[in-house]
Amino acid sequence: MARGPKKHLKRLNAPKKWMLDKLGGKFAPRPSAGPHKLRESMPLIVLLRNKLKYSLTYNETKKVTMSRAIKVDGKVRTDMCYPTGFMDVISIDKTGEYF
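Analysis parameters
Residues numbered from 1 in each chain as written. Predicted model: local features only at pLDDT ≥ 70, side-chain atom pairs only at ≥ 80, totals over all residues. Heavy atoms only, no water. Pairing = 2+ DSSP bridges. Helix = DSSP H or I, 4+ residues; strand = E, 2+ residues; numbered from the N terminus. Phe/Tyr/Trp six-rings, centres within 6.5 Å; stacked < 30°, edge-to-face > 60°. Buried < 20%, exposed > 50% of the residue type's maximum accessible area, 1.4 Å probe, protein only.

**With respect to the sheet that holds strand β6 (residues 97–98)**
The pairing of strands in a sheet happens through backbone hydrogen bonds and is either parallel or antiparallel. Strand order in the open sheet formed by 4 strands is β3-β2-β5-β6, and the pairing between neighbours is antiparallel. Unpaired on one side and paired on the other, β3 (75–76) and β6 mark the two borders of the sheet. Inspection of the sheet shows strand β2 (residues 70–72) paired to β3 by 2 bridges, in the antiparallel sense. When the bridges of β3 are listed, valine 72 appears paired with lysine 75.

Given below as C-alpha cells:
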C-alpha cells in the first residue's frame with residue numbers, strides 16, 4: 001500500500017495544457033504542494049524551460065531559480081516545482097521582464 005502523497009508524475013498523465021512532448025522522457029515535474037491544484041497549475045520549471053525558453057536543461061533551470069532571480073507574485077521562489085497559477089505574475093529582476 002502506498003503511504004503519503006504521490007511524489008512522481010508520468011509524462012503521459014501530466015495535464016495536456018502543459019503541452020509536453022510524449023518522447024521527451026518518462027517523467028514530468030510534479031508540482032509541489034502550494035496555493036493551486038495540480039490540474040489548475042503549471043510547475044515553474046515547465047514555465048521557464050518549455051514555455052519561456054529561459055533555459056534548455058533541468059540543471060540550467062535549477063541554477064536560475066537557486067540564484068534567487070525568479071519572483072512569483074513579488075516573492076522569491078527557489079522551488080523549481082512551485083505551482084504557478086493562471087493569474088500569477090512571474091518577474092525576472094535581472095532582465096526587468098514580467099509575465
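**Considering the packing of aromatic side chains**
For the coordinates displayed, the defined rule picks out 1 aromatic pair. Measuring from centroid to centroid gives 6.3 Å for tyrosine 54 and phenylalanine 99, while their planes differ by 75°, and the two rings are edge-to-face. Placement of the pair is tyrosine 54 in the loop between α1 (44–51) and α2 (58–66) and phenylalanine 99 in the segment after β6, with a sequence separation of 45 residues. Phenylalanine 99 gets classed as partly exposed once you look at its relative accessible area, which sits at 39%.

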